[in-house]
Every structure is written in structure tokens, then in C-alpha cells.
Amino acid sequence: MKQRAGFLYTLPQILWLLVFFLAPLCIIIAYSFLKKGLYGGVEPQFSLEAYQAMANPSILMVAWRTLRISVIATILTILIALPCGYSIARSSNQAIRLFLVIVPFWTNFLVRIYAWIAILGNEGFINDIIRWVAPGSAGIQFLYNQWAVVLVLVYMYLPYAILPLFSTIDKFDFTLLDAARDLGATRFQSYTRVLLPNIRSGLVTAGLFTFVPIFGAYAVPLLIGGKDSYMLGNIIADQLTKTRNWPLASAISMTVTLSTTILVFLVALRKPKEQKWVFDADPSAAMSAAGGR
Amino acid sequence: MLHGGAAVKGSDVTVSGVSKSFGAFKALKDVTLSIQKGEFFSLLGPSGCGKTTLLRLIGGFEDPDAGTIEIDGRSVLGLPPDKRHCNTVFQSYALFPHLTVFENVAFPLRIRKTPRKIIDDRVMHYLSLVQLEMHAGKKPSQLSGGQKQRVAIARALINEPSILLLDEPLSALDAKLRQHMLMELDSIHDKVGITFIYVTHDQQEALSVSDRIAVMNAGEVLQVGSPRQIYENPSTEFVARFIGETNIFAMKITGKEGVHISGKVAGIGPLLVDDETDAQVGDEALATIRPEKIRISREKPQTNGGRINIMHGVVAEPIYSGFQTKYIVRLDSGMTVTVFRQHANWSEGIPDIDWKDEVYLSFSAADMVIVERRAT
Ligand SMILES: Nc1ncnc2c1ncn2[C@@H]1O[C@H](COP(=O)(O)OP(=O)(O)O)[C@@H](O)[C@H]1O
Ligand SMILES: [Mg+2]
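Values in this document were obtained by computation on a predicted structure and should not be read as measured data. (Residues numbered from 1 in each chain as written. Chains lettered and ligands numbered in written order. Predicted model: local features only at pLDDT ≥ 70, side-chain atom pairs only at ≥ 80, totals over all residues. Heavy atoms only, no water.)

1. Quick look at unusual backbone geometry
Excluding glycine, a negative phi dihedral is what most residues carry, and trans is how most peptide bonds are arranged. Residue and element names in this part refer to chain B. The phi dihedral of Tyr93 is positive, around 75 degrees, even though this residue is not glycine. Mapped onto the secondary structure, Tyr93 falls in the loop between strand 6 (86–89) and helix 2 (101–111). Under the relative-accessibility criterion, Tyr93 is labelled buried at 10%. In the Ramachandran plot, Asn304 falls in the positive-phi region, its phi being about 50 degrees despite a non-glycine side chain. As for its position among the elements, Asn304 is in the loop between strand 15 (295–297) and strand 16 (308–320). Residue classification places Asn304 among the exposed positions, given a relative accessible area of 72%. (Helix = DSSP H or I, 4+ residues; strand = E, 2+ residues; numbered from the N terminus. Buried < 20%, exposed > 50% of the residue type's maximum accessible area, 1.4 Å probe, protein only.)

2. Some remarks on the domain arrangement of chain B
Residues and elements named next belong to chain B. Looking at chain B, the domain boundaries give domain 1 (13–240) and domain 2 (245–374). The centre of domain 1, based on its C-alpha atoms, is set 39 Å off from the matching centre of domain 2. Listed by partner, the interface residues are ten residues for domain 1 and eleven residues for domain 2. Counting the surface lost from both domain 1 and domain 2, the interface buries some 820 Å², and carbon and sulfur atoms represent 45% of this. Its largest share of buried area at the contact with domain 2, domain 1 owes to Tyr231, Glu237 and Ala240, together 61% of the area lost on that side. Connecting domain 1 to domain 2 are one salt bridge. Notably, a salt bridge pairs Lys293 with Glu232, separated by 2.8 Å at the nearest N-O pair. On the surface where domain 1 and domain 2 come into contact, there are five residue pairs in polar contact (both at pLDDT 80 or more). Looking at the side of domain 1 that touches domain 2, the elements with two or more residues in it are helix 7 (227–232) and helix 8 (237–242). The class makeup of the residues in the side of domain 1 that touches domain 2 is five nonpolar, three polar and two charged. (Domains from an automatic or database assignment. Contact = heavy atoms within 4.5 Å. Buried area = accessible area lost by both parts, 1.4 Å probe. Salt bridge = Lys/Arg side-chain N within 4 Å of Asp/Glu carboxyl O. Polar contact = N/O pair within 3.5 Å; in protein donor to acceptor, adjacent residues only side chain to side chain. Nonpolar A, V, L, I, M, F, W, Y, C, P; charged D, E, K, R; others polar.)

3. Quick look at the interface of chain B and chain A
Facing 24 residues of chain B, the contacting portion of chain A comprises 18 residues. A buried area of about 1800 Å², summed over both sides, lies between chain B and chain A, and 56% of it is on carbon and sulfur atoms. It is B:Asp82, B:His98 and B:Ile111 in chain B that bury the most area against chain A; as a group they hold 30% of the surface buried on that side. For the interface between chain B and chain A, the tally reads two salt bridges. Salt-bridge contacts for B:Arg56 lead to A:Asp178; the nearest nitrogen and oxygen are separated by 3.0 Å. Linking chain B with chain A are seven residue pairs in polar contact (both at pLDDT 80 or more). Elements supplying a minimum of two residues to the side of chain B that touches chain A: strand 6, helix 2 and helix 4 (145–157) of chain B. At four residues, helix 2 of chain B tops the list of elements feeding residues into the side of chain B that touches chain A. Each residue belonging to the side of chain B that touches chain A can be placed in one class, and the counts come to 13 nonpolar, six polar and five charged.

Here it is, written out as C-alpha cells:
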């Protein structure tokens, strides 16, 4: 009886996964093994051409770059999000501060990217100031390179890291820090030896919530990046819309999805038994966060 | 207690004129204390009176707004907790949940990069001091309350501090275990011989293990003394009422000859008190008598010329509790008096006294103490 009732509760989630996650995934898998159509689409004919094309050095180079940008941006995001989450958790007006963290979500993603262009662009706010201070200078080109991409990615995904970190740190017993200090630890040691190990689940969740979507980033490198900042998401889009090689686009998507899924499950399996996931974030939630962009 | 055998290794602590406010709230007001080397010193007071705050000031977790704190004659103001020779047993234990019992106790040594061999020896030594060798590999979540408590004590002792600060260390334990752990703490104190500063709101705990007690209320230290002094000679009405049970009579002093004081209690009549006081004839004063120092009988007792107070009343409530009976007696004036009678010697043939019985209460003037006076 009990088991059957339990099954009923999970039914909506299973349906949701089937319709919005597994079905599209199956279509992508199927497409990746078919022959490319002349003007897009596919021919119903089995082929491994797409996977062979993926071994192309230029694609591999972009994959490597994507990984590098994702890792750097994730580390930076977490380094910034940690003190933010900590100070929110320790402050007496948590509600207001949390509210400020999520305010940017009220503005469209693309609008926020254009806001950065308005600030950093060649005709942007900062360059206006530079030209006003030093008349005759050409200004500085901030945009259209990998560091600009990293900067905007960090900005975009900061809230996704702050929220899970805040929620674990909020449950952390701060007298443990006093205890560590009491036992001879410096302030820094009390953070590294006591705080960090006890908020591991929050760090992992924050890492996934940032890394997974950044790994599939498309709009930010397209609008903020230059030639040197092309990421896998851009290649996939190009294959779909310009080169019209749907099987290749599918094969790359498949690989991205598969590798992030494996990453998520590896991390999930590694976590110690006692530690619960903050946000009850099951891996699929992290994946669907990635799906948005 | 200070026993002859243990070498005294602790530090002395001097707190002078310390005040601490949180916003507009004054948590400590001009506190002055001097704690001796190796002493088992208790800070006793009701919840919210500032005990933890004082302990945190000594431990270095907060800075006082005014006053100084000295350890072994040297000011420790501004010194962070890791630079003071005191360690704390926190009220909530504050064990590190991600570490095992062994690793928790080893934490201070690992911070100081002690060689592994020494760590192993020392940790096992202190775990055996608190009888936890068998549980070294467990996580704190797998331990009972009493065991967690012991881990916290071992961890606080392993740095061999000269002062151990204990913040209501037994409050989370049940009554039986509390008694047991208290005796264990006492024996640990004897073994390590350092200064213990013990915070509690439980007067029974404080009385049974302390060398000296500071009774606090509302951010102030009201009295410092040995358990006996505090109990037998409370200096204020609050101390008298907070430590044990007591009866208090408000009287007007009518005569004084050395320590022999006579007074008048409204509705009751004359009252004799023998106490050293600077109260003068005409002053209002509060005199207290402990319930166990009052004799209760059916027949009117003889004074034989001694300075004995005798009062008449009716038993309003007899509360039997095995080793004694507590009587609440309503005097003719309407005031109630609490009396304890020990059941030591039924063979003497003391007639049983029950509800609604008319009784006489008698108590010696010498057992009375004047706790407060007001010149009028
Ligand atoms: N960090 C703080 N901020 C504001 N008020 C505090 C703080 N710490 C203690 N207090 C207040 O100071 C008073 C004394 O607290 P505490 O020293 O913890 O009392 P005790 O340990 O005797 O129960 C309490 O009223 C408490 O609310
Ligand atoms: Mg307290």
C-alpha cells in the first residue's frame, strides 16, 4: 500500500521528466545518428558522420575553451558568492538582502547583457568617462574577449551560487567558529577547517548551478565575446541555423548533455550520506537550470 | 574543591569594573571579580543575567566597553581567543560535526602542527580521562548527550589551558546524568588542577562543587563567597531567595545591643535576630530564616530564657518527599512560612503533623540573618 502511494507522489515528477527532458533528449539522440539533410533537417538513414565530424580539431579546441571558461567562471562565482552568502546568513535583515539578490531576475536576460554592453562597450559609459578625462584618447576595448565573457557569466550566475550557499550557511551553527577560535585556530583557519567542510553540500550545489549552465552558454559569448570566445553553445547554434548540419548539432548537444549529466551524478554519488542537499536540488533541477539558456 | 594533592597549575583572573552593553541594553554593569589559581569558581544567576557575556569576555570572544580583564596579572584586552590560555566548553557542546571524536579532540593539536605520534598519545590520554577511548572513531551525531559533553571537555583540555571556561555544560543533560557528570567534572578538576570558571543557573550544582560562587543578577555581581557563606549569610534578599528556599520577615528595628537585635514585624509581633549589621534602631530591615532551621511542634516549646522566636499557625500544606516533609504553615497574621523537617529519627516518637494541624514554629535568633536594611 505504502509503496504504491509513494509512487503516486513521484508520478508528476516522472511525467515532467518524460515530457520535457527525456523526449527531447531521445529526439536529439536519434538525430545525431542520422544523415544530414541538404537544407537542414535529417535524412532517415543511419550514419556516424556527425560523431566523426565532431573530432574536428577546431571543435575540440572550442570544447577545451568552453571547459576552461566554465571552470574559471565557476570558481570566480563561488569565490564571490561565498562571502555574500555568509554575510547574508549572519545579517539581521536577511529578507531584504535576499530580495536584492533576486531583483536582477526581474529583468530579461538579454536586457542585462545589453546593459553590460552599455557599460563596457566601445561607446559605453566607462569609455565615455575615459574620453572625457583624457580627450583625444580612443578609449579601451573591454568587450569581445574571453575575460569580458567570464565577467558577464559570473555576474549572470552569481545569484544561482549565492542562494544555495546562503541556505546552507544559514543552517550552520556559528558557535562552531567560536569553538575553533577558542581551540587555537586563526579566523582564516576557522573558515577553512570548520565552515567550508560543513557547507560542502552548498558549495557543490552552487558549483553545479553555475558550472552546468555556463558550460552550455550561448548568448553571453555571442554578444559579449569575440572570435576567441566562441563556446560549444555557439557552435551548436551555428550548425542549426547557418551550416544546417542538424546531426552534428545534435551530436555536440548530446555530448555536452551527457558529460554534464555524468558530472552531476559523479558529484551526487560522492556526497557523504549525512549531508542533505540544500534546496533539495536533485540533479535534474541543475540540468533544467542549464536548459534555460 | 581544592584538594591538597593536585598541583595548582591554573591562572588567576581579575575582572575590574567591566561593563558591556548590547545597543541600549546593559548586559554587565561594573563587574569586579577576582578568581584565584586552581579555583573551581562558579558564576550563578538566573537566565539572562549576563553570565555567558562575562564568560565570553574572559574567553576573548567579545571586548568590554569599560574595565579591564587580567590573567596572571597581565591585561588580555584585545587578545583574540586563540592567544589566551583559556579554553571553553560551550553550552551546546559545539563539536565539529564533520570530524570524528578523535579528530575533534585532535583539532587543537593539528592546528598547532603537533607531530602525529604525540597527537595520537595525547588524544588517547584525554579520551581516557573522560572514558571515551572506545568511541574515538564515532561522529558526534552518533553520541549521547553525556558523551558529547565529555568530548567537549576532552577537546577543551587537550591544549592544557590554565583556565577552563564552562558555560552551563550540563544544562542539556537529564537530572540523573547531570549529577553524575557534575561529580566527574569535580574529579577532573582535581586531576588537572587548573582554574575552572563554571557558569550555571542551578544553585544546587554551584553549591555542590564550587570553591567560591559569584551570584549575579541583571548584569551585576551581588555577592561572592564560599557556598557556605552564600547560603548561610546571603547579603541581599535576591541572593537569599535565589539560593535554596527561605522565609523573609520585614521588620522595624526597635532595639539593638551589639549583635542582639529586636524588632517588630507587622501583624506578627516581636522578632529577635542576632546578626552583625550597621542597621540602627528605627530602620526597616529584612530578616531571613532557612526552612530547615525552624522546628515545628504541636506543643508550645519552652524558650528557657534563650533568644528563641516562637510563632503560631496552621499547616496549610504538608508535602512529603521521602527524606523530609516540607510544611507550608499559615501564621495567624496570614503570612506563610516554609519549614523542612528531616525524617531522621522517627524512633524519638515525634508525633506526625498533618494538614490543618495547629502548630508552633520555633527558631533561634542566631540562625537569622539580616539581608537588607533601609534607613528611615
Ligand atoms: N550578541 C548579543 N546581542 C544582543 N543582546 C545580547 C547579546 N548577547 C547577550 N545579549 C543579551 O544580554 C543579556 C545577557 O545574556 P547572557 O550573558 O547570555 O545571559 P545568561 O548567560 O546569564 O543567560 C540577555 O538579555 C541577552 O539577551
Ligand atoms: Mg548563558
